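# Descriptive structure summary
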Amino acid sequence: MLHLRAVPFRWKVAALPAFGSIGVTLVVAWAQVHLTSERIVQEAGREVASVAMAVAERLSREMAARGAEVQLLASIRAQQPDSAPNEVRHQLELLQHHVPSYAWIGWLDAEGRVLAATGGLLEGSLLAHRPVFMQGRQGLWFGDVHPAVVLQRLLQPHGGETLRFVDVATPVHDAQRRLRGVLAAHLGWRWAQEVAVDVLRPYENRHRLEVLIVDAQGQVILGPQAMRQRPVPVDPRVLPAPGSPYRLLRWDDGTEAMTAVANSGPQGVFPGLGRRVVVRQPIDVALGQARQAGQQIVAWGAGVGLAFLALGLWLARRVSQPVHQLLRSTGGLQHAGSGAGMGADRRQVDVRWVAELMQRMDRDLAVREHEVRRLRHEATHDPLTGLPNRAYLAALLDQATAAVQETRELVVLCMDLDDFKGVNDRHGHEVGDAVLCEVARRLRSLLREQDVPVRLGGDEFLVLAQAAPGDGPRLADTMAARIVRALGEPARVGALTIALGGSVGAVVWRSDAQISLQTAWTRADQALYRAKSEGKSRWCRLPLEPQMPAS
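Residues numbered from 1 in each chain as written. Predicted model: local features only at pLDDT ≥ 70, side-chain atom pairs only at ≥ 80, totals over all residues. Heavy atoms only, no water.

## Observations concerning the overall build of the chain
Note the threshold: What counts as a helix is a DSSP run of H or I of at least four residues, what counts as a strand is a run of E of at least two, and both are numbered from the N terminus. Partly exposed describes any residue whose relative accessible area lies between the buried limit of under 20% and the exposed limit of over 50%, with all areas from a 1.4 Å probe on protein chains only and scaled to the type maximum. Throughout, a residue-residue contact means that at least one pair of heavy atoms, one from each residue, lies within 4.5 Å.
Along the backbone of the chain there are 14 helices and 17 strands. Relative to its 551 residues, the chain shows a buried fraction of 47%. Contacts spanning at least 24 positions in sequence make up 63% of the contacts within the chain whose residues lie at least 6 apart.

The structure is reproduced here in structure tokens:
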């Protein structure tokens, strides 16, 4: 039986840094998995809530834009009552070319007969009993998702996936307010999927997020194929209310997921259709990031430990070899084997290579500390623009109260670009990414050293700025105006000149207010939407409490 005393001392010392490294690695891995799990769950919850709100707002914004386009085209029809069908068809097809979401646009007379349409489809057909005519003659009307009936065989003569449309229609009157006809349009429902993909683009490489769009009857109208045209596969009584905090739910398919809900409500001319956006992320995906990081640390530490063991043995052999040769030449090795002196000689040799190993450990720990700092930076900063990201912002909000107790006020600015989707559609996402980097550069140049710019995702940004007591409103107005002016300057991307514009919403949070910083963020986001509803390239500052007047 091998006793510990029989193991050479140099083996013991060589094993010490190896097993020490492995032990430290296991402790670090445990801390990574267990101590950060709660924070990761909270970040995942905030992320699904943010995605749900972003998708819902984009859906309403897109529907409002389509309604405004149809109204504008209808006003042109009212001013040009004697246009030939070919001229009308050209106008309709021009709009369809610029906005490919339109699957069909038609001009119907007062009896419901199609006089002109994109591609000539359905011209001469009577649609008097179709909802798009019956409802459209009463006023601006939006119809929710429905399968194509007549246009299915015309747009897909060789079969294929069933087409689904969203309808927009509006009446056209003459100067005496008599009905001249109805301008009707079918939007391909595929654009809603494109909206969801565009919002999720910053998260695609790191998260598995599922977006469901649910109609007013509770049926899934966009989402995984297995869920479509069915009720949401979770007890509706446990779903979080729209706009309320996220919730961890177990779905009917057995998935335990962070879940958030947002309403796609009225915006502009769009009155809303009662849709809700439900976003979920399996909890094992969120926790998998911590587990994966822990596994990587364990594997890396085990490799370093084995390397330390091999290096220690090699050094012990090299350092002790001259002493062993001297003892052999004098016959002292045999003498030392039976006496007490050899133990002291070996310990002297062992101490030398132990000291060298400790120096190597110091250098290795410095390398590891640098790697940890690099990984922490990557986790809290946007890889495209280099700005802090949502994870950084979440940690900052927890720490901001202490800082604000000194300055008493904190300015919160929310901003996004006007028609950024048009930039991506016209020039591609590489140009869009270059524009986002230019926006980040402009923000850095405008802000003070102590101000914090954050990229929330897509074309959305946030700025936190400390203010002296009583100076918050002035600082908020000044910064918002400067940012709007800076965002209005065109951007050069290669040989392209990209017209830019952006809107800003502002709010001033006070340390003596009975409102959280998270609520102040939401209030600043409401100010942004107020600014955008009043036109492009504007800013708006709302009071922290809704009952106070806006600026």
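Once you've had a look at it, read on.
## A look at unusual backbone geometry
Although it is not a glycine, Q229 adopts a positive phi angle of roughly 60°. With respect to the helices, strands and loops of the structure, Q229 is situated in the loop between β7 (220-222) and β8 (247-250). Look at D419: it is not a glycine, yet its phi comes out positive at around 55°. Along the chain, D419 turns up in the loop between β11 (409-417) and α11 (420-427). Residue classification places D419 among the partly exposed residues on the basis of a relative accessible area of 42%.

## Some details on a nonpolar patch on the surface
For clarity, the threshold we go by: Residues enter a patch when their relative accessible area is above 30% and they make no salt bridge; the linking distance is 9 Å between like charges and 5 Å between nonpolar side chains (Val, Leu, Ile, Met, Phe, Trp, Tyr). Where accessible areas are quoted, they stem from the Shrake-Rupley method and a 1.4 Å probe; at the residue level, only the protein chains shown are allowed to cover. We define a salt bridge as a contact between a side-chain nitrogen of Lys or Arg and a carboxyl oxygen of Asp or Glu at a distance within 4 Å.
A contiguous nonpolar patch, built from V149, V150, L154 and L155 and spanning about 280 Å² of accessible area, is present on the exposed surface. Mapped onto the fold, V150 is located in the loop between β3 (141-147) and α5 (151-155).

## Observations concerning the packing of α11 against helix α12 (residues 429-446)
This is how it is decided: The convention used is that axes are lines fitted to C-alpha atoms, helices contributing only their stretch in contact, and that angles between N-to-C directions extend from 0 to 180 degrees. Note that the term roughly parallel is reserved for angles under 35 degrees, roughly antiparallel for angles over 145, roughly perpendicular for angles of 65 to 115, and oblique for everything else. Amino acids outside the nonpolar list (Ala, Val, Leu, Ile, Met, Phe, Trp, Tyr, Cys, Pro) and the charged list (Asp, Glu, Lys, Arg) are all regarded as polar, and Gly is one of them.
Interaxial distance between α11 and α12 falls to 7 Å at its minimum, and their mutual angle equals 140°. On the basis of the axis angle, α11 is oblique to α12. From α11, F420, V423, N424 and H427 reach across to α12, where they touch H429, V431, G432, V435 and L436. Its residues placed into classes, the contact of α11 with α12 shows five nonpolar, four polar and no charged.

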